[in-house]
Structures are given as C-alpha cells and as structure tokens.
Amino acid sequence: MRYEQAKLLVQKLMEITIMYHASELLRQKIYDALDEYLPDLDEGCRERGCIAIDHFEEKNNERN
C-alpha cells in the first residue's frame, strides 16, 4: 500500500493520536479506524500483522 492509497487512513490515525494521546481509549480508537479503512482483515491477520488484502487500484504510470 502506497501513501497515496493510505492517505485518509494516515490522516485519521494522526487525528486519533492527537486527540487520545493521554487516554486509555487510544488503542480502541486506532483499532476502530483500522477496522473502518481495512474491513477485510480478520482477527488472525490483525494479530500477525499481515496486511495482504489490497482493494486499491494500481495507478498506471506509463510514459509515452
């Protein structure tokens, strides 16, 4: 996953981190954001950290 593809997720995680940095809710809010933006990950993938599902289309970078 490239930054352009994950930009909204990264921005959401930054907002959550700023808002909940001193809260016990931080972990839950991060988990909720990942679940929102990467809904196809099952519990095993989350535990192992293997993000193998990619619904983003590859950008065509052909040079003419």
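Once a new chain begins, its residue numbering starts again from 1 and follows that chain's sequence as written. Given that the model is predicted, a residue must reach a pLDDT of at least 70 before its local features are reported, and side-chain atom pairs must reach 80 or more before they are shown or counted; all residues, however, enter totals for whole chains, interfaces and linings. The side-chain values count all of the structure's non-hydrogen atoms but skip hydrogen atoms and water molecules.

Chemist: What am I meant to see in the overall build of the chain here?
Modeler: Going along the chain from the N terminus, every DSSP run of H or I of four or more residues is numbered as a helix, and every run of E of two or more is numbered as a strand. A count of helical and extended segments in the chain gives 3 helices and 0 strands. The buried share among the 64 residues of the chain stands at 16%. Here the contacts in the chain between residues at least 6 apart in sequence split such that 37% fall between residues at least 24 apart. Here, Shrake-Rupley sampling with a 1.4 Å probe gives the accessible areas, and only protein chains in the shown set may cover a residue. By element, 51% of the accessible surface of the chain is carried by carbon and sulfur atoms, the whole surface being about 5,800 Å². Per-residue accessibility, obtained with a 1.4 Å probe over protein chains only, is compared with the maximum for each type, and a residue is labelled buried under 20%, exposed over 50%, and partly exposed between these values. Contact definition: two residues touch when any of their heavy atoms are within 4.5 Å.

Chemist: How should I be thinking about helix 1 (residues 3–20) in this particular structure?
Modeler: For the α-helix, the turn length of 3.6 residues means that residues three or four positions removed from each other point alike. The angle separating two fitted axes, one through the seven residues that finish at a residue and one through the seven that start at it, defines the bend at that residue. Along helix 1, the sharpest kink reaches roughly 35°, centred on L9. Where helix 1 is concerned, the buried positions are Q5, A6, L9, I16 and Y20. On its buried face, helix 1 sits against helix 2 (26–37).

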